[in-house]
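Next come the chains, spelled out residue by residue.
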Amino acid sequence: MPHKLVPLGAAMRRVACLIAVLAAFIAATGLAAASDFEAALGKLTDKSFQVKEQAIAEIATSGDERALPILSALQAGDLYFVRKDKRIVFAEKLDKGFSITDALTGEALGEVKRRAVRKVSINNRLRTALKSAIGSLELFSPDAEARLAAARSMLVAPTADALAMLDRALTAESEPSVREALETARAAVQAQTGPLDARLAAVGVMSGSMNQDVWRVLGKLVEEGGETASEDAKQVALAASAALESIESQKRFYSLLETLFFGISLGAVLLLAAVGLAITFGVMGVINMAHGEMLMLGAYTTFVVQQLMPNAIEYSLFVAIPAAFIVTGAVGILLERSVIRVLYGRPLETLLATFGVSLILQQAVRTIFSPLNQPVITPDWMSGFYEVNGALSLTYNRLYIIAFSLIVFLALLAVLRKTSLGLQMRAVTQNRKMAASMGIRTGWVDAMTFGLGSGIAGIGGVALSQLTNVGPNLGQAYIIDSFLVVVFGGVGNLWGTLVGAMTLGVVNKFIEPFTGAVIAKILVLVFIILFIQRRPRGLFALKGRAVDN
Amino acid sequence: MTQSGKRTSLIAAASVLALALGSTAAIAAETIKVGVLHSLSGTMAISETTLKDTVLMLVEEQNKKGGLLGKQLEAVVVDPASDWPLFAEKARELLEVHEVDVIFGNWTSVSRKSVLPVVEELNGMLFYPVQYEGEESSKNVFYTGAAPNQQAIPAVDYLLSEEGGSVRRFVLAGTDYVYPRTTNKILEQYLLDKGIPQDDIMINYTPFGHSEWQTIVSDIKEFGSAGVKTAVVSTINGDANVPFYKELGNQGIAASDIPVIAFSVGEEELSGIDTSPLVGHLAAWNYFMSAEADENDAFIEKWHAFIGDEDRVTNDPMEAHYIGFNMWVKAVESVGTTDVDVVREAMYGITYPNLTGGVAVMNTNHHLTKPVLIGEIQDDGQFETVWQTPKGVIGDAWTDFLPESKNLVADWTQPISCGNFNIKTGDCSGQNY
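Thresholds applied
Residues numbered from 1 in each chain as written. Chains lettered and ligands numbered in written order. Predicted model: local features only at pLDDT ≥ 70, side-chain atom pairs only at ≥ 80, totals over all residues. Heavy atoms only, no water. Helix = DSSP H or I, 4+ residues; strand = E, 2+ residues; numbered from the N terminus. Rg over C-alpha atoms; globule rule 2.2 N^0.38 Å. Buried < 20%, exposed > 50% of the residue type's maximum accessible area, 1.4 Å probe, protein only. Contact = heavy atoms within 4.5 Å. Areas by Shrake-Rupley, 256 points an atom, 1.4 Å probe, with all protein chains shown as cover. Lys, Arg positive; Asp, Glu negative; His and termini not counted. Charge placed at Lys NZ, Arg CZ, Asp CG, Glu CD. 1 Å grid on protein atoms, 1.4 Å probe; cavity = no way out; pocket = protein on both sides within 12 Å on 5 of 7 lines; lining within 4 Å. Points joined across faces, edges and corners; volume = space filled by probe spheres on them. Nonpolar A, V, L, I, M, F, W, Y, C, P; charged D, E, K, R; others polar. Domains from an automatic or database assignment. Pairing = 2+ DSSP bridges. Axes fitted to C-alpha atoms, helices over the stretch in contact; angles between N-to-C directions. Salt bridge = Lys/Arg side-chain N within 4 Å of Asp/Glu carboxyl O. Patch = residues over 30% accessible without salt bridge, like charges linked within 9 Å, V, L, I, M, F, W, Y side chains within 5 Å. Phe/Tyr/Trp six-rings, centres within 6.5 Å; stacked < 30°, edge-to-face > 60°. Lys NZ or Arg CZ within 6 Å of the ring centre and 35° of its normal. Polar contact = N/O pair within 3.5 Å; in protein donor to acceptor, adjacent residues only side chain to side chain. Left-handed = near helix turned anticlockwise from the far one by under 90°. Core = buried A, V, L, I, M, F, W, Y, C linked by side-chain atoms within 4.5 Å. Parallel < 35°, antiparallel > 145°, perpendicular 65-115°, else oblique.

Quick look at the overall build of chain B now. Helix and strand counts for chain B stand at 12 helices and 18 strands. Here chain B has a C-alpha radius of gyration of 23 Å; the compact-globule value for 433 residues is 22 Å, and the two agree. Principal-axis analysis of the C-alpha atoms gives chain B an extent of 85 × 65 × 40 Å. Residues classed as buried in chain B amount to 60% of the 433 residues present. If you take every contact in chain B between residues at least 6 apart in sequence, the share linking residues at least 24 apart comes to 65%. When the accessible surface of chain B is totalled, it reaches about 15,400 Å², and 53% of it is carbon and sulfur. Side-chain charges in chain B split into 28 positive and 59 negative, and the spacing between the mean points of these groups amounts to 4 Å.

Dropping the structure here:
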């Protein structure tokens, strides 16, 4: 049957051929998708940011499961390429180079030197693009929190392309908070183009929102409805500005609260700086110009403590507080025993001598630590903010410092009121001779009091190290403010220091938005001068015979 | 080691010592003196100490190469202690008592203004390495830092461009003194010329060493939530930057929302803070430590070896001193004398490779031609260059964007030979700067 076999063979061959072509076709499309992805990835090594932006869009829409880790690494700055063969890799920083993994295959490529690889650099434009690209990929993440963050990030740069994606996410979403965020994001997109009714409805959805990104979208709509805009755009702009105005009073209320918070937090800083001085100057009457340097020493103690425990930065402040108290307290006692003791009752000489001491301390720090500012690390639990809503967010470091300053204040008050040392201190400052004749060692009490005031200043320095630069000049910035607070609050009265600090802080912050920081400071100074003219003894003057002496 | 071994080494040591003593004696007799006028104490010590070390390194390096004109260089270091009038006294001391041939010094504009009358009276030569507000050209000063058109104007152009985010709303924040005030005046006029409405420009000044940034940062946040892309142009100087950036991070302002472009924040300033919340904020300079060039690698290596610390960074004013010093050396070698008037003539048109891979040129207005770089802060405290002018920009002593200096040019060669020549009226105001 060879005759018959031939056509059969031919037919079979034809089928085989067809299958082969089909297979090749399928393989080719699959390959095409893969090589598209690879090509897009390859574009990331280009120098031009425009090309990279295209690449990000292509990677995000590729549907490839490797897209998300690659884009996330790019956003975090962990995506590198090998200089030699331009292979894209994930890199992990080591001591002397990087450990790299191929981004496409996941193959570990071992350790390389720092200069063997180069970072895929991004700019702010790309960061925004990445944020929404990653957002669109994470909209379907199983984790509800990731979905919420993704939905929110869709608001940053709402584009028409995202609409279909948002709709798809909305049908699948059941979590109410995520749904709300998705709907807002959808409204932000819809408000930009399409039929007028839908746009106005979308603006309606957004009105009343306390989200800054929504305000930004609304603000953009208002901006777009200028003179030359179309009739539709003008109407949308009108609706948008109405939507913005509807929350105006709420915004004003929250901004008032915010200013108050700023004022109180500035007051807390002033209180921490001044409360030590309230003891040495207020209670003992020593004009201690080296008080600022006690703050500085406290801040440097924090730095040294952090250097000594580099692996436990989170807890370093709890060690630094007692350490700073001991160090500055000891310096204070030394200062009292060696300099101030011989100058009691001679305020001018004390002023000059302590000023000299302050210069010596500054230069000593400069010699020991260098004139450069020292980096004091802020623990993670102190950074960031608590967002009440779009108009009001409270930064954690300020919240902690307000709480801390009040604790220090109350502790100091307790020492003065409830301990025998406090009793002796008050006795000595009220009537030294009488106290001495009752058997109190006045010299010893003087030293202890001065040490206590200095130690408290050191604790204040720990707090200041979290807010400002730790350098040799730290103290100078606070010495004037400290004296102002103490004089304003009333010499010799701790409650006066508290009220004085808070008043000055709040007044300063309420004036600042109108006049700027420089004039605000000047106005506060003028205010204090006038106030002292009227009430020379400050807010809470001590009464009684002791004062008249 | 044997007894005799010990003795030989002792003798060797003694002879080396004797030789060294002998040569110092020789040096003392025949040296070229280089004055260093940088604050080593006070507020500016943080920035200026590094520059003093840079000059010392350059001097040491030149001496290793055999000195200059067959003589050794000798650095004379004085400390003006961040005290502006003291700068003038110390400059006089350098010129009259130590009789230095050249001075490298100053950081703040106010200290430079204080030194000007002295170097002009005594005909000294000063190299000033820091970016400044312009509106000056002294016969006796070479300005190796950036003039406004080499830093501020390109930076704003970048922000206005599509690549920089098409910014249309600007906050000009600065420290309250002459450099920020003049720069912001120039920038405000420039932005108005570019069609940015007055309402979209917010100007804010703060004192030196300001640390209470809550209100201002919150105002910036508010200003930036109006739907138009907003950026901050910062001329905040010195260590006030650290709490400023900390507060930005704390209040959650990311660079992709409101970028901050700074003119006074370099690697040195960033070395005091954790930069991870600041990634993406910008700075405009003529040099970044991350620049990829062989000259730069060599310079960083030498710096680390000299200072003995691998963690120390390099920055833009250091590059300025590097260029200025080497240009001066080149000029002195070409004329064979350190006479100020002769060397000054030789400086014009002199070129030297800068550290970013190009070539710097000294112009007849005493300013350099240098490239302008925009860099983004990275999480390791370095900058990544994101934009760069295609070629060097010629420093302009008198800005074209202010009506009062529009018609002024500086040219210290014949026939003009004037620091502020009015091209409209054709006369020189007579003041030297």
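Next comes the rest of the write-up.
Once that is clear, we can look at empty space enclosed by the protein. Over the atoms a probe the size of a water molecule is rolled, and this reveals where empty space is left. Residues and elements named next belong to chain B. Evaluated as defined, the whole model comprises 4 cavities of 30 Å³ or more. If you add up the space inside the largest cavity, you get close to 100 Å³. Taken together, 16 residues make up the lining of the largest cavity; nearest its centre are Trp 107, Val 130, Gln 131, Asn 237 and Ser 264. Of the residues contributing to the lining of the largest cavity, the split by class is 8 nonpolar, 6 polar and 2 charged.

The next subject is the domain arrangement of chain A. When the domains of chain A are assigned, the result is domain 1 (80-119) and domain 2 (268-475). Here domain 1 of chain A and domain 2 of chain A have C-alpha centroids that lie 49 Å from each other.

With that out of the way, let us pick up the sheet that holds strand 2 (residues 72-78) of chain B. All names here are of chain B. Spatially, the 5 strands line up as an open sheet ordered 2-1-3-4-5, and their pairing is parallel. The open sheet has two edge strands, strand 2 and strand 5 (141-143), and neither has a second partner. Strand-to-strand twist across the sheet, computed as the mean angle between neighbouring axes with direction ignored, equals 25°. For strand 3 (residues 102-105) and strand 4 (residues 126-128), the ladder comprises 2 bridges, and the chain directions are parallel. Residue Phe 104 lies in a different strand from strand 4, and its bridge partner there is Phe 127. Where helix 2 (residues 45-64) meets the sheet, its contacts fall on strand 1 (31-37), strand 2 and strand 3, and the angle it forms with strand 2 comes to roughly 165°. Sheet contacts for helix 3 (residues 84-97): strand 1, strand 2 and strand 3; angle to strand 1, the most-contacted strand, approximately 180°.

Further remarks concern the interface of chain B and chain A. How big an interface is tends to be stated in terms of accessible area lost as the parts join. Residue-level contacts link 56 residues of chain B with 55 residues of chain A. With a closest N to O distance of 3.0 Å, B:Glu212 and A:Arg398 form a salt bridge. Those elements that provide at least two residues to the side of chain B that touches chain A are helix 2, strand 7 (201-206), helix 7 (214-223), helix 8 (241-250) and strand 15 (383-388) of chain B. With 6 residues, the single largest contributor to the side of chain B that touches chain A is helix 7 of chain B. Grouping the amino acids of the side of chain B that touches chain A by side-chain chemistry returns 17 nonpolar, 21 polar and 18 charged.

Bringing a negative patch on the surface into the picture now. Taken together, the side chains of A:Asp78, A:Glu92, A:Asp380, B:Asp274, B:Asp379 and B:Asp380 present a region of like negative charge at the surface. Along the polypeptide, B:Asp379 turns up in the loop between strand 14 (373-377) and strand 15. Residue B:Asp379 is classed as partly exposed on the basis of its relative accessible area, which comes to 39%.

A separate point is the packing of aromatic side chains. Aromatic rings considered in pairs are described by the distance between their centres and by the relative angle of their planes. For the structure on display, the rule yields 30 aromatic pairs over all chains. Note on A:Phe253 and A:Tyr254: the rings are 5.4 Å apart at their centroids and 65° apart in plane angle, and the pair reads as edge-to-face. Pairing B:Phe104 with B:Phe127 gives two aromatic rings, centres 5.0 Å apart and planes at 15°, and the pair type is stacked. Highlighted residues: B:Phe104 in strand 3 and B:Phe127 in strand 4, separated in sequence by 23 residues. Take B:Phe104: its relative accessible area is 0%, and that puts it in the buried class. Taken together, the ring pairs in this structure connect B:Phe104, B:Phe127, B:Phe142, B:Phe325, B:Trp328 and B:Tyr348 into an aromatic cluster. Over the ring of A:Tyr344 we find A:Arg432, and its NZ or CZ is 5.7 Å from the ring centre.

Let us look at the pairing of strand 10 (residues 282-285) of chain B. Residues and elements named next belong to chain B. Judged by which residues are buried, strand 10 turns out to be covered on both faces: Leu 282 and Ala 284 on one side and Ala 283 and Trp 285 on the other are all buried. In this structure, strand 10 lies alongside strand 14, joined through 4 bridges in antiparallel fashion. Within strand 14, the position partnered with Leu 282 by the bridge is Glu 376.

Here we come to the side chain of B:Arg344. All names here are of chain B. As for its position among the elements, Arg 344 is in helix 12 (residues 340-347). Here Asp 341 takes part through its side chain, which lies 2.4 Å from a polar atom of the side chain of Arg 344. Not counting residues within four places of it along the chain, the set of residues in contact with Arg 344 comprises Asn 123, Met 125, Lys 139, Asn 140, Phe 142 and His 366.

On to the pattern of salt bridges, then. Overall, the coordinates contain 35 salt bridges over all chains when judged by the stated rule. With a shortest N-O distance of 3.5 Å, A:Arg83 and B:Glu292 are connected by a salt bridge. Remark: B:Glu292 occurs in the loop between strand 10 and helix 10 (294-307) and A:Arg83 occurs in the loop between strand 1 (79-82) and strand 2 (88-94); the pair is interchain, linking two chains. Taking the relative accessible area as the measure of exposure, A:Arg83 reaches 34% and is therefore partly exposed. Residue classification places B:Glu292 among the partly exposed positions, given a relative accessible area of 44%. Among the ionic pairs, A:Arg87 bridges to A:Asp85, the shortest N-O distance being 3.7 Å. One network of salt bridges, in which partners are shared, links A:Arg398, A:Lys509, A:Glu512, B:Glu212 and B:Glu247.

In this section: the sheet that holds strand 15 of chain B. Within a sheet, each strand pairs with its neighbour through backbone hydrogen bonds, oriented either parallel or antiparallel. Residues and elements named next belong to chain B. Spatially, 7 strands are ordered 7-6-8-9-10-14-15 in an open sheet, and the strand pairing comes out mixed. Looking along the sheet, the strands with just one partner apiece sit at the ends: strand 7 and strand 15. If you compare each strand with its neighbour and ignore which way they point, the axes differ by 25° on average. Pairing analysis gives 2 bridges linking strand 9 (residues 260-262) to strand 10, with the strands arranged parallel. Along strand 10, the bridge assignment pairs Ala 262 with Ala 283.

Now for the packing of helix 19 (residues 474-489) of chain A against helix 21 (residues 517-534) of chain A. Residues and elements named next belong to chain A. Where helix 19 meets helix 21, the axes come as close as 11 Å, and the angle between the chain directions of the two elements is 35°. Where helix 19 crosses over helix 21, the two elements pack in a sense that is left-handed. Contact residues: helix 19 offers Asp 481, Leu 484, Val 487 and Phe 488, while helix 21 offers Lys 521, Leu 525, Phe 527, Ile 528, Phe 531 and Ile 532. Among the residues making up the contact of helix 19 with helix 21, the classes are represented as 8 nonpolar, no polar and 2 charged.

Turning to the environment of A:Pro195, a few remarks are in order. Residues and elements named next belong to chain A. As for its position among the elements, Pro 195 is in the loop between helix 7 (176-190) and helix 8 (196-206). Its relative accessible area of 58% is what places Pro 195 among the exposed residues. Residues Pro 195 and Gly 42 lie 153 residues apart in sequence; the distance between their C-alpha atoms is 40 Å.

Bringing the nonpolar core into the picture now. Counting 94 residues, the largest nonpolar core has A:Val203, A:Met206, A:Leu218, A:Leu221, A:Val275, A:Leu494 and A:Leu504 as the members making the most contacts within it. The biggest single contributor to this core is helix 11 (residues 248-283) of chain A, with 16 residues. Counting 64 residues, the second largest nonpolar core, distinct from the first, contains B:Ala88, B:Phe299, B:Val329 and B:Trp412.

Turning our attention to the packing of helix 7 of chain B against helix 8 of chain B. When two helices pack together, their arrangement is captured by the angle between the axes and the distance separating the axes. Residue and element names in this part refer to chain B. Running from amino to carboxyl end, helix 7 crosses helix 8 at an angle of 50°, the nearest separation of the two axes being 10 Å. When the axes of helix 7 and helix 8 are compared, the pair comes out oblique. Note that helix 7 runs across helix 8; the crossing there is right-handed. Here helix 7 contributes Gln 214, Val 217 and Ile 220 to the contact with helix 8, which in turn contributes Phe 244, Glu 247 and Leu 248. Across the contact of helix 7 with helix 8, the residue classes tally to 4 nonpolar, 1 polar and 1 charged.

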